[in-house]
Amino acid sequence: MLKLHFKDNRQPPIWVVEKLFSIGSASDNHLAIDDPEVAKHHAKILQENNKHILKDNNSQSGCFVNGQRITQREILPGDIIKLGHCEIIVLDPRSLADRPKDAYALPWRLVSDSSWLAGKQFILLPERSMVIGRGNQCDIVVPGTHLSRRHTEISIEGNHLRIKDLGSANGTFLNELRIDNATANNGDRLRLDVYTFRIVAPDLDDTKTRMRKPLDEISKPIERKLPSSEPKRWKTRPTSPGNRIEPIRRKGQRQAWLALAAAGIVAAAIVVFLLW
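Presented here is an overview of the structure given in this document.

Reading the values: the criteria
- Residues numbered from 1 in each chain as written.
- Predicted model: local features only at pLDDT ≥ 70, side-chain atom pairs only at ≥ 80, totals over all residues.
- Heavy atoms only, no water.
- Helix = DSSP H or I, 4+ residues; strand = E, 2+ residues; numbered from the N terminus.
- Buried < 20%, exposed > 50% of the residue type's maximum accessible area, 1.4 Å probe, protein only.
- Contact = heavy atoms within 4.5 Å.
- Areas by Shrake-Rupley, 256 points an atom, 1.4 Å probe, with all protein chains shown as cover.
- Pairing = 2+ DSSP bridges.
- Salt bridge = Lys/Arg side-chain N within 4 Å of Asp/Glu carboxyl O.
- Core = buried A, V, L, I, M, F, W, Y, C linked by side-chain atoms within 4.5 Å.
- Phe/Tyr/Trp six-rings, centres within 6.5 Å; stacked < 30°, edge-to-face > 60°.

Bringing the overall build of the protein chain into the picture now. The helix and strand tally for the protein chain stands at two helices and 22 strands. Burial statistics for the protein chain: of 276 residues in total, 39% are counted as buried. For the protein chain, contacts bridging at least 24 residues in sequence account for 41% of all contacts bridging at least 6. When the accessible surface of the protein chain is summed, it comes to about 18100 Å², and 53% of that surface belongs to carbon and sulfur atoms.

In spatial order, the strands read β4-β3-β5-β6-β9; together these five strands make up an open sheet with mixed pairing. Of all strands in the sheet, those with a lone pairing partner are β4 (31-32) and β9 (72-74), marking the two edges. Where strand β6 (residues 51-56) meets β9, three bridges bridge the pair, whose relative direction is antiparallel. Bridged to K55 within β9 is Q72.

Glancing now at the pairing of strand β3 (residues 20-24). Remember that side chains alternate between the two faces of the sheet whenever the strand is regular. Among the five residues in β3, four count as buried, and that is most of the element. With four bridges connecting them, β3 and strand β5 (residues 43-48) associate as antiparallel partners. Across the sheet, L20 pairs through a bridge with L46, a residue of β5. In terms of strand pairing, β3 meets β4 through two bridges, oriented parallel. Looking at β4, one finds that G24 is bridged to A32.

According to the stated counting rule, one finds six salt bridges in the structure shown. Two residues, R10 and D8, come together in a salt bridge whose shortest N-O distance is 3.0 Å. Taking relative accessible area as the criterion, R10 reaches 34% and is therefore assigned partly exposed. The partner of R162 in a salt bridge is E157, and the shortest N-O contact between them spans 3.3 Å. Residue class for E157 comes out partly exposed when judged on its relative accessible area of 32%. It is possible to trace a salt-bridge network through shared partners that takes in D8, R10 and D35.

Moving on, we come to the nonpolar core. Counting residues in each nonpolar core, the largest one holds 24 residues, and the members touching the most others are L110, L124, I140, I154, L161, I163 and I199. Within the residue set of this core, elements represented by two or more residues are β12 (108-112), β13 (121-124), β14 (130-133), β16 (152-157), β17 (160-165), β20 (181-184), β21 (189-192) and β22 (195-200). Per-element tally for this core: the top contributor is β22, with three residues. Leave out the neighbours within four places in its chain, and L110 touches K120, Q121, F122, L124, I132, I140, I154, L190, F197, R198 and I199.

Quick look at the pairing of β13 now. Residues F122 and L124 of β13 are buried on one face, while the alternating residues Q121 and I123, pointing to the opposite face, are not. Bridge count between β12 and β13: four bridges; the pairing is antiparallel. The residue of β13 that forms the bridge with V111 is Q121.

Right, let's get into the packing of aromatic side chains. Tallied over the full model, the rule gives one aromatic pair. Measuring from ring centre to ring centre gives 6.0 Å for F122 and F197, while their planes differ by 75°; the resulting arrangement is edge-to-face. Separated by 75 residues along the polypeptide, F122 in strand β13 and F197 in strand β22 bring together distant segments of the chain. Accessibility classification places F122 together with F197 in one group, the buried group.

Put into structure tokens, the structure is as follows:
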């Protein structure tokens, strides 16, 4: 199950519970969006084999997932859907079971998806809070002029994160809402001015959520072999008799050879007779 959160907060978040979830400007849709660029029946979300598939209904303005136009694509927590002028963040509303902090298989992480930090992961320690800012004394240092020296503090509280703004000049935003002190869950998006991060919870077998791979894992360079300077050795097979070009033996040439041979024999006989 997914939850759709409007980036500009024009409408309350909505759950995707139907197997066929329709989106458009008409009032009979499960999600009705008042936008001149959104068609009456713009798109739909299908639930197939525990996957959520977004399909475009041949709309004029199209459907976009993470900035890429699509006709059909699986959507995952952290994705951003754009329909017309409207941007929708896909969230995973499932809460994790309360467990000891050291019981998780993998730690909480912040995965950056903006500017030069795209794809970089930051591990959150369970035993203490961590500070993000541009100061060298911070636990996570982001040397950007838009950040305060001590911008935001993050700590793990059981099944969620506690995020506190430390009086920053440009603010701390959770799912595009400016916050001072709030809780965050798996799939939420944290923004510190121009820097955005996707919150990824520990991977537990009973509540594992599939997320998209970071950009640095997807776009790996392809190794190409350099051309060899050694001469090529071609392997060939003899052609069949029908494909071979046989030498042409002319009838006149054969008769000439026979005549020369006969003349040689006669000359040898004459020489032997005279010497006798």
